Amino acid sequence: MAGTDPIHQFVITDIFELFTLGGDGTEGSGTTFAFTNSALFMVLTVATIAGFLLLSTSGKKLIPTRAQLTAELLYEFVAGMVRSSAGTAGMKFFPLVFSLFTFILFANMFGMVPYFFTVTSHIIVTFALSMLVFITVIVYGFVKNGPKFLKLFVPAGVPGYILPIVTPIEVISFLSRPISLSVRLFGNILAGHITLKVFTGFAVMMIAALGAFGWAAAILPILMAIALTGLEFLVGAVQAYVFAVLTCMYLNDAIHPSH
Amino acid sequence: MVTQAYAQEAELPADDHGTEAAGAADAMHVEEGVHADPTADTHATTEAHGDEAHSDVFPPFDPATFPSQLLWLAISFGALYILMSKLALPRIGGILENRKTLIDADLAAADADRQKTDAAIAAYEAALAEAKAKAQGIANQNREAIQADLASKRSAAEADLSSKVSAAEARIAQTKAEALTHVDEIAAETAQAVVGQLVGDVPADSVRAAVAKVKG
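The rules behind each value
In this numbering scheme, every chain counts its residues from 1 along its sequence in written order. In the order they appear in the text, chains get letters beginning with A and ligands get numbers beginning with 1. Given that this is a predicted model, residues contribute local features only at a pLDDT of at least 70 and side-chain atom pairs are listed and counted only at 80 or more, while totals for whole chains, interfaces and linings are drawn from all residues. UniProt positions are given in the numbering used here, feature names are shortened, and annotations may be inferred rather than shown by experiment. Only DSSP runs of H or I reaching four residues or more are called helices, and only runs of E reaching two or more are called strands; each is numbered from the N terminus. For every residue, the predictor assigns a confidence score, pLDDT, that lies between 0 and 100. Any pair of residues counts as being in contact when their C-beta atoms, constructed from backbone geometry, are within 7 Å of one another. Note on residue classes: Ala, Val, Leu, Ile, Met, Phe, Trp, Tyr, Cys and Pro are nonpolar, Asp, Glu, Lys and Arg are charged, and everything else, Gly too, is polar. Working definition of burial: number of other C-beta atoms within 10 Å of the residue's own, with buried at 20 or more, exposed at 12 or fewer, and partly exposed in between, all C-beta atoms being placed from the backbone. The pairing criterion for strands is at least two bridges between them, as found by DSSP.

Things to note about the UniProt feature "transmembrane region" (unreviewed entry) in chain A
- In the numbering used here, UniProt assigns the feature "transmembrane region" (unreviewed entry) to residues 33-55, 93-117 and 123-143 of chain A.
- When the span residues 123-143 of chain A is considered, its composition is 100% helix and 0% strand, and the gap between its end C-alpha atoms is 29 Å.

Focus: the confidence of the model for chain B
Residues and elements named next belong to chain B.
- Per-residue confidence for chain B averages 78 on the pLDDT scale, and 74% of its residues sit at or above 70.
- Segment residues 1-54: pLDDT under 50, and 79 contacts once partners within four positions in sequence are set aside and those in other chains are kept.
- In the predicted complex, the global pTM is 0.70; the interface-specific ipTM is 0.90.

Quick notes on the interface of chain A and chain B
- Contacts between chain A and chain B engage 45 residues on the former and 42 residues on the latter.
- Secondary-structure elements contributing two or more residues to the side of chain A that touches chain B are β1 (14-21), β2 (31-36), α1 (37-56), α2 (66-86), α3 (94-111) and α4 (123-145) of chain A.
- Among the elements that line the side of chain A that touches chain B, the one with the most residues is α1(A), at nine residues.
- For the side of chain A that touches chain B, the residue count by class is 28 nonpolar, 11 polar and six charged.

Quick notes on the confidence of the model for chain A
- Averaged over all residues, the pLDDT of chain A equals 90, while 96% of them reach at least 70.
- Confidence, expressed as mean pLDDT per element, reaches its minimum in chain A at helix α7 (residues 212-217) of chain A with 83 and its maximum at α3(A) with 96.

Observations concerning unusual backbone geometry
Residues and elements named next belong to chain A.
- Even without glycine at this site, lysine 60 takes up a positive phi of about 50 degrees.
- Mapped onto the elements of the fold, lysine 60 is located in the loop between α1 and α2.
- With a phi angle near 75 degrees, tyrosine 115 is a residue other than glycine that sits in the positive phi range.
- Within the fold, tyrosine 115 resides in the loop between α3 and α4.

Here's the deal with the pairing of β1(A)
Residues and elements named next belong to chain A.
- Among the eight residues that make up β1, zero are buried, leaving the element largely open to the surroundings.
- By the bridge criterion, six bridges tie β1 to β2 in an arrangement that is antiparallel. Considered in β2, the bridge of phenylalanine 19 is made with phenylalanine 33.

In structure tokens form, the structure reads like this:
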């Protein structure tokens, strides 16, 4: 029983162990891989997205059903995002952006269900996703543009004597992208879930400590928690959108490196 | 806040491994908070139990959970990417494309029909204008014929009238001239009678000569 501890919801527990790499065969040595609660919700997230999109569009109806229309709206929303930020050339990254957006969105929404684990509340997950974007940008940028990709760090129209100042700033801002991208998502989700737990925890503590008066007083933190729940749904959706939009903009840099 | 709450959690002996882990955790907590140093010792405890519920580190920063998370993220996200790029997105894109071509074809057909309608309307209007012009032509022709007829009849009547007038004038002039010839005779007779009454008989010839002289 977790009680009112706001951190307990982020604890990762093994459902079953898979295998261990390295180590000397003794307990605790090497790297152990396991199927965890986090993994369960990653699989659930992917299964939900794929199941929803594939089932809703299985009819391929000319006049869409409600579910098919939702899937089409999701498609057009992300396609419009990619097209407006990265241009038509960016459409080859549409599956990537769509996967990122839906994965983060559905993981965040799953996280709002009580007792469900929030995949995106772990920095390693968000960092891995942002590194995926970062490495894609670098690899595609060099493959497509060759050394011209470095023009990204030399903004056009800037006088030569400012370049020694501007270029390091551009390089630092480029290198900090995966960090800002991952910490933004991680921090928002983590902080939101802790705040929710703290406010509902207040209610539980008040009831436990103050009895009948506590029931009356607990209304305040509960109201706050209800408002925050709404806000967290918004934050979950907005953060998925922000992650996807920034991905598009970074990909745009790889496609058109000269600003 | 996080550290405090976490210390609380660590002290709770929630499961069988709790007591041992919590003991280690307590010792760690005195010196460090969220970023507790994952020393080899603590790490080993954590992994051995396979349950990080009471490990020493703030769960999202616990490196012991990283390999499993990365593995399953790679598996699940890879599966999602493949499912999306190979199945779901082409299918939805196909549905949208199909609908777009169909709507475009319908619009083109509607446009063709509209053009046909426009052509029919134009043809109708041309025919109408032609008929109107023809009708006007016929009306004009009729009016001109009537006017010509009218004019010829009027001129005939006028000529008739003027000939009658001139005949009447001629007759009047003739009558007048005739009357004027009688004036001499009457004057001569009157003069003869007057002279006869005053003087006595005078020959008619001399009277006539006198009258002509006076008149002359």
